[in-house]
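Listed below, chain by chain, are the residues.
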Amino acid sequence: MPYHSLMGKSIIITGASRGIGRELALQLAEQGAFLTLAARDTGLLAQVAEQCVKKGGKAIAVTTDITIEDQCKTLIQRANEVYGQIDVLINNAGIADKARFEELRSLSSGEMVMCVNFWGSIYCTYYAIPYLKKTKGRIVVINSGAGKFPSPTSIFYGASKHALDGFFNSLRLELQTSGVTVTSIYPDWVATGISTRFLGFDGKTTEKVSSHEYSAINADKCAKIILKAAGKRKHMTFMSMRQRIGYFLRPLFPNMIDHIAGKFFD
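Criteria and cut-off values
- Residues numbered from 1 in each chain as written.
- Predicted model: local features only at pLDDT ≥ 70, side-chain atom pairs only at ≥ 80, totals over all residues.
- Heavy atoms only, no water.
- Buried < 20%, exposed > 50% of the residue type's maximum accessible area, 1.4 Å probe, protein only.
- Helix = DSSP H or I, 4+ residues; strand = E, 2+ residues; numbered from the N terminus.
- Pairing = 2+ DSSP bridges.
- Polar contact = N/O pair within 3.5 Å; in protein donor to acceptor, adjacent residues only side chain to side chain.
- Axes fitted to C-alpha atoms, helices over the stretch in contact; angles between N-to-C directions.
- Parallel < 35°, antiparallel > 145°, perpendicular 65-115°, else oblique.
- Left-handed = near helix turned anticlockwise from the far one by under 90°.
- Contact = heavy atoms within 4.5 Å.

K.L.:
Summarise the pairing of strand β5 (residues 138-142); cite the residues concerned and give the values.
P.N.:
Extensive coverage of β5 is indicated by the burial of 5 of its 5 residues. Where burial is concerned, the two faces of β5 agree: the one with Arg138, Val140 and Ile142 and the one with Ile139 and Val141 are both buried. In this sheet, β5 lies alongside strand β4 (residues 88-91) in parallel orientation, the contact comprising 4 bridges. Note on β5: the bridge partner recorded for Val88 is Arg138.

K.L.:
Summarise the environment of Thr42; cite the residues concerned and give the values.
P.N.:
Mapped onto the elements, Thr42 comes out in helix α2 (residues 42-54). Between the C-alpha atoms of Thr42 and Ala61, which are 19 residues apart in sequence, the distance is 7.9 Å. Engagement of the side chain of Thr42 in a polar contact is seen with the side chain of Thr63, the distance being 2.8 Å.

K.L.:
Talk me through the packing of helix α1 (residues 19-30) against α2; I want residue IDs and the actual numbers.
P.N.:
At their nearest, the axes of α1 and α2 sit 8 Å apart, and the two run at 20 degrees to each other. Between α1 and α2, the interaxial angle falls into the category roughly parallel. α1 and α2 meet at a crossing whose hand is right-handed. Residue-level contacts link Arg22, Ala25, Leu26 and Ala29 of α1 to Val48, Gln51 and Cys52 of α2.

Here it is as structure tokens:
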């Protein structure tokens, strides 16, 4: 039975109102998971929760801005109050920037990217760990290929994902005797429309779909890969062959990989 180790588990998903987070919620609902769904958009979040219930799962929607520490604390406490335990935390919420550093009109968009992608995951994890230790649970981090490779023109996105990579790799070692595992996922491009929400040089969303999304995998396939890796408690999972090749070649041929990355993101 697929994802058997996640069946009936109490699972928190941030960024659950759309894209990868929404698809994770729907697939887990089909497996009978007890879901706590978090996002800023109350309306969309409620719709996803309703769909999850129709698919056979249990779901509550907790409107949460993960850049606010107290709201993250409330999210974690709410999940434990409703279900009596927390088995899995999926740090999925994220935003991205799309501009060259020197073109930025201010650094506010970069600060927002760092707050959402890095600190939002840290806040949620900090408050979830005591509960996860009781269940020998799982932390799942939806990182990005940008967490392993340079990402020019999305410089703060790349920085935030590199920060996540360093933090959660270190946290994995701190938790290795606790029974809590950390799984880091490195998606390539996923066709979710996320590029229309990139923050441009002026701090406003670009409203344009990147050409990279047209040939990207869909959220359904992405979610299946994530849940399979989480079920097996893998340390890390890449989603494309070019990521795997780049990961092994970069230490040997750093200039070549940097050149390719520069062309890819140009």
